[in-house]
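Structural overview
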Amino acid sequence: MSKPFESVTVVGAGILGTQIAMFAAHAGYCVKIYDTRNGAFEETFAKLHDDLKAKGITPVIPWERWQGCKEAVVFTTDLEEALKDVDFVVEAVTEDIEVKRELFKKMGQTSPAKTIFATNSSSIPVSRLEESSGRPAQCLNTHFYMPLQGIIMADLMGGTQTLPEILDKGEEWLRSMGFIPLRVKKEILGFCFNSVWRSIKKQSLYMWGNDFVDFRDIDRAFRIFTGAQWGPFGMMDTVGLDTVANIEMVYFDKSKDPQDKPPERLLEKIRKGELGVKTGKGFYAYPDPEYLDPDFLNPEKKK
Ligand SMILES: NC(=O)c1ccc[n+]([C@@H]2O[C@H](COP(=O)([O-])OP(=O)(O)OC[C@H]3O[C@@H](n4cnc5c(N)ncnc54)[C@H](O)[C@@H]3O)[C@@H](O)[C@H]2O)c1
């Protein structure tokens, strides 16, 4: 598959940024990754590795290619160095609009004029960031899911002034890494699939948050019904409960509908540092969550 450009910089070496960097390296791009946290890439890489191993998941990038991909990615805590002569930047920092706006501003001031800016935000349309960059015609959303786990699709959406050729480049980039692009024709919160997933997540949190059911039963039901390897709560643990709550707050800020607010029970877990896989505890305990038990779907079998 031909490449639309040569170099990619990922801004933010968390769960998603690290995966995007690995896929870009795997596809032969010249890749840098920037984070303000020393050792962030190394640390997240190890977490992803351990999490997939614990879940018995065969990742899309074969294990034998992991070390090579890691070595091909250059980690830096120097933004100027990260953006030097780069063609395409994908921002994947914490889901906080002010943090992202500040970054888009710095990226606009520091990058060459040719550079395209994408955001991996789950809930912020690029139309809310584009002005800060000073180059709104070159901004877009490219929203990835958990690619290493096999979700090799990504939403693609423009802002108010994105040029069609910039969206085409975004699409070519996704395809060159083996992703299916989900092109969104006009702005909608949550893009293509994430807005559907968000409805499932919101109702699951409401049911658990108001104590209608045990969260495990929702995961069991979802898995039996769909044949998926995980249910909404297992998935939220992987995403990170702080990220989940931040995304819900974006919807709430827009609608002001109390039903859109994340339940107090979720916020309590976050205050206790129970953020999911990344902190070793969320809805389940890691690295060996009970939903990996072959009898999880039918615990009666164990008795
Ligand atoms: N977790 C998911 O499943 C998922 C899926 C799709 C999209 N996203 C989106 O991807 C983005 C990142 O999510 P994540 O789950 O990888 O988060 P994360 O918490 O795992 O990582 C965020 C990283 O950003 C870094 N960071 C924070 N502020 C920074 C700054 N000013 N400059 C540089 N680095 C900074 C942090 O040190 C951290 O390493 C969010 O916008 C989120 O909505 C997440």
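Computed from a predicted model, the values in this text were never measured in an experiment. (Residues numbered from 1 in each chain as written. Predicted model: local features only at pLDDT ≥ 70, side-chain atom pairs only at ≥ 80, totals over all residues. Heavy atoms only, no water.)

Describing the sheet that holds strand β1 (residues 7-11)
- Overall, mixed pairing links the eight strands, which are arranged β3-β2-β1-β4-β5-β6-β7-β8 in an open sheet. Two strands close off the open sheet at either side, each with one partner strand: β3 (73-76) and β8 (180-183). Neighbour to neighbour, the strand axes of the sheet diverge by 25 degrees on average, direction disregarded.
- In the sheet, β1 pairs with strand β4 (residues 88-91) via four bridges, with the strands oriented parallel. The partner of V8 across the bridge, within β4, is F88. (Pairing = 2+ DSSP bridges. Helix = DSSP H or I, 4+ residues; strand = E, 2+ residues; numbered from the N terminus. Axes fitted to C-alpha atoms, helices over the stretch in contact; angles between N-to-C directions.)

With respect to helix α9 (residues 215-226)
- For α9, which comprises twelve residues, the first-to-last C-alpha distance of 17 Å matches the rise-based estimate of 16 Å (1.5 Å per residue) to within 8%.
- Those residues of α9 lying buried are F215, I218, D219, R220, F222 and R223.
- Tucked into the core, α9 has its buried residues touching α8 (193-209) and α10 (232-239).
- For α9, the N-terminal cap is D214; the gap from its side-chain oxygen to the backbone nitrogen of R216 is 2.7 Å.
- Backbone geometry just after α9 places G227 at a positive phi near 80 degrees. (Expected span 1.5 Å × (residues − 1). Buried < 20%, exposed > 50% of the residue type's maximum accessible area, 1.4 Å probe, protein only. Contact = heavy atoms within 4.5 Å. Polar contact = N/O pair within 3.5 Å; in protein donor to acceptor, adjacent residues only side chain to side chain.)

A short note on empty space enclosed by the protein
- Under the criterion given, the structure shown has one cavity of 30 Å³ or more.
- One number sums up the size of the largest cavity: a volume of about 100 Å³.
- Lining the largest cavity are I15, Q19, K47, L48, D51, L52, M146, L148, Q149, T238, V277 and K278.
- At four residues, helix α2 (residues 40-55) tops the list of elements feeding residues into the lining of the largest cavity.
- When we break the lining of the largest cavity down by domain, the ones giving at least three residues each are domain 1 (7-183) and domain 2 (194-302). (1 Å grid on protein atoms, 1.4 Å probe; cavity = no way out; pocket = protein on both sides within 12 Å on 5 of 7 lines; lining within 4 Å. Points joined across faces, edges and corners; volume = space filled by probe spheres on them. Domains from an automatic or database assignment.)

Some points on the layout of surface pockets
- The space that makes up the largest pocket amounts to roughly 990 Å³.
- For the lining of the largest pocket, the secondary structure elements donating two or more residues are α1 (15-26), α2, α5 (97-110), β6 (139-144), α8, α10 and α11 (241-255).
- Looking at the lining of the largest pocket, the element that brings in the most residues is α5, giving five residues.
- A class-by-class count of the residues in the lining of the largest pocket yields 22 nonpolar, twelve polar and eleven charged.
- Looking at the lining of the largest pocket, you find at least three residues from each of domain 1 (7-183) and domain 2 (194-302). (Nonpolar A, V, L, I, M, F, W, Y, C, P; charged D, E, K, R; others polar.)

Some details on the pattern of salt bridges
- A complete count under the given rule lists 24 salt bridges for this structure.
- Between K201 and E248 there is a salt bridge, with its nearest N and O atoms 4.0 Å apart. Of this pair, K201 sits in helix α8 while E248 sits in helix α11, and the two are 47 residues apart along the sequence.
- The shortest N-O distance in the salt bridge between K278 and D242 comes to 3.0 Å. (Salt bridge = Lys/Arg side-chain N within 4 Å of Asp/Glu carboxyl O.)

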